[in-house]
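What the coordinates show
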Amino acid sequence: MEKALIVIDYSNDFVATDGALTAGEPAQALDSYIAGLIEDFIDQDEYVIIADDLHVLNDPYHPETELFPPHNLKDSDGRHSYGETGQAVKKYLDHKNLYFTDKRRYSAFTGTEVDLRLRERGIKEVWLVGVVTDICILHTAVSAYNLGYQIVVPEAGVASFNEVGHEWALSHFEGTLGAKVIRK
Ligand code: ZN
């Protein structure tokens, strides 16, 4: 295994039209591309990590409680992966090359086994897709940079509810984190 695909917060709450914290159509437009990448990575014996926020309602110890409306609540449909991507996740849930992790912070690396699992497999390159570009993708990219990973961000695989933030984050990945941004 040489690389890993990390699918970040591509859940109904962040993507579906009626999601609690949705990025809407720009996020929905990523679905086939992300689902295809999951298939490709599994087919090529590479690693796939699905990282989704896990919240409980009104958690007094969670900083996001004050910052965002409730989302990705435990056992809710909002936390399930969206659309075709959700189908692909379901299909490979028991596959040895797919790992699902809950996360409690924006970064998929914070408080999770992600770094340990990548190191165990000798993986040095991470592909980041999902939502939103300027929050959870950004924080995950910063963590990956600080841990010494090569970062790839396909523009066709990320979206935000903030177009200015989205563009800024793409240029930050390239210019500051040394990421390879695959332009559409
Ligand atoms: Zn959250």
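All chains use their own residue numbering, which begins from 1 and follows the written sequence. For this predicted model, a pLDDT threshold of at least 70 governs which residues receive local features, and a threshold of 80 or more governs which side-chain atom pairs are given and counted, while totals over whole chains, interfaces and linings are taken from all residues. Computation of side-chain values covers all heavy atoms of the structure but excludes hydrogens and water.

Section: the overall build of the protein
Secondary structure elements follow DSSP: runs of H or I no shorter than four residues count as helices, runs of E no shorter than two count as strands, and numbering proceeds from the N terminus. Assigned secondary structure in the protein consists of eight helices and seven strands. In this setup the radius of gyration rests on C-alpha atoms only. A globule is expected at 2.2 Å times the number of residues raised to 0.38. Relative to the globule expectation of 16 Å for 184 residues, the C-alpha radius of gyration of the protein, 15 Å, shows essentially globular dimensions. Referenced to the eigenvectors of the C-alpha coordinate spread, the extents of the protein come out at roughly 40 × 35 × 30 Å. Expressed as a percentage of its 184 residues, the buried residues of the protein come to 54%. Contacts between residues were defined by any pair of non-hydrogen atoms, one from each residue, lying within 4.5 Å. Within the protein, contacts between residues at least 6 apart in sequence are counted, and of these 75% link residues at least 24 apart. Using the Shrake-Rupley algorithm and a 1.4 Å probe, accessible areas are obtained, with residue cover drawn only from the displayed protein chains. Split by element, the accessible area of the protein, about 8700 Å² in all, is 51% carbon and sulfur. Distance between charge centroids for the protein: 6 Å, based on 16 positive and 30 negative side chains. When a residue's accessible area, from a 1.4 Å probe over protein chains only, is under 20% of the maximum for its type it is buried; when over 50% it is exposed; and in between it is partly exposed. Note on charges: Lys and Arg go in the positive column, Asp and Glu in the negative column, and His and the chain ends are not counted at all. For charged residues, the charge sits on one atom: NZ in Lys, CZ in Arg, CG in Asp, CD in Glu.

Considering the layout of surface pockets
A cavity here means a set of 1 Å grid points, computed over protein atoms only, where a 1.4 Å probe fits but cannot escape. A pocket is an open set with protein on both sides within 12 Å along at least 5 of 7 lines, and lining residues have an atom within 4 Å of a point. Grid points are joined across faces, edges and corners, and a volume is the space filled by probe spheres set on the points. In this model, the largest pocket occupies a volume close to 280 Å³. Residue contributions to the lining of the largest pocket peak at five residues, all from helix H5 (residues 83-91). Taken together, the residues that form the lining of the largest pocket break down as three nonpolar, six polar and four charged. Residues are grouped as follows: Ala, Val, Leu, Ile, Met, Phe, Trp, Tyr, Cys and Pro are nonpolar; Asp, Glu, Lys and Arg are charged; all remaining types, including Gly, are polar.

Some details on empty space enclosed by the protein
Applying the stated criterion across every chain, the model contains one cavity of 30 Å³ or more. In this model, the largest cavity occupies a volume close to 80 Å³. Residue lining of the largest cavity: 13 residues in total, with Phe14, Leu21, Phe68, Ile135 and Cys136 positioned closest to the centre. When grouped by side-chain class, the residues that make up the lining of the largest cavity number nine nonpolar, one polar and three charged.

Looking at the side chain of serine 107
Here serine 107 is to be found in the loop between strand E3 (98-103) and helix H6 (114-120). The contacts of serine 107, once residues within four sequence positions are left out, are His139, Thr140 and Ser143.

Some details on H5
Every buried residue belonging to H5 is among Thr85, Gly86, Ala88 and Val89, and all of these are buried. The buried residues of H5 occupy an angular sector of 160° when the element is viewed end-on, so they sit on one face. Of the residues in H5, the exposed ones pointing more than 90 degrees away from the buried face are Gln87, Lys90 and Lys91. In the core, the buried residues of H5 are packed alongside helix H3 (31-43) and strand E2 (47-53). It is the directions from the helix axis to the C-beta atoms that the arc portrays.

A word on the pattern of salt bridges
One side-chain nitrogen of Lys or Arg within 4 Å of one carboxyl oxygen of Asp or Glu is enough to make a salt bridge. Considering all chains together, one arrives at 11 salt bridges under this definition. Salt-bridge contacts for aspartate 9 lead to lysine 103; the nearest nitrogen and oxygen are separated by 2.9 Å. Of the two residues, aspartate 9 sits in the loop between strand E1 (3-8) and helix H1 (12-15) while lysine 103 sits in strand E3, which places them 94 residues apart along the sequence. Residue aspartate 9 is classed as buried on the basis of its relative accessible area, which comes to 0%. For arginine 79, the salt bridge is made with aspartate 102, and the minimal N-O distance between the two is 2.7 Å. One end of the pair, arginine 79, is in the loop between helix H4 (64-67) and H5; the other, aspartate 102, is in strand E3, with 23 residues separating them in the sequence. When salt bridges that share partners are traced, they join Asp9, Asp53 and Lys103 into one network.

What to know about the nonpolar core
One recurring pattern in soluble globular proteins is that nonpolar side chains are buried together. Of all hydrophobic cores here, the largest spans 58 residues; its most connected members are Leu5, Ile6, Ile38, Leu118, Leu128, Ile151 and Phe173. Other than its neighbours up to four places away in sequence, isoleucine 38 contacts Leu5, Val7, Val48, Ile50, Thr85, Ala88, Val89 and Tyr92. We call a set of buried Ala, Val, Leu, Ile, Met, Phe, Trp, Tyr and Cys residues a nonpolar core when their side-chain atoms join them within 4.5 Å.

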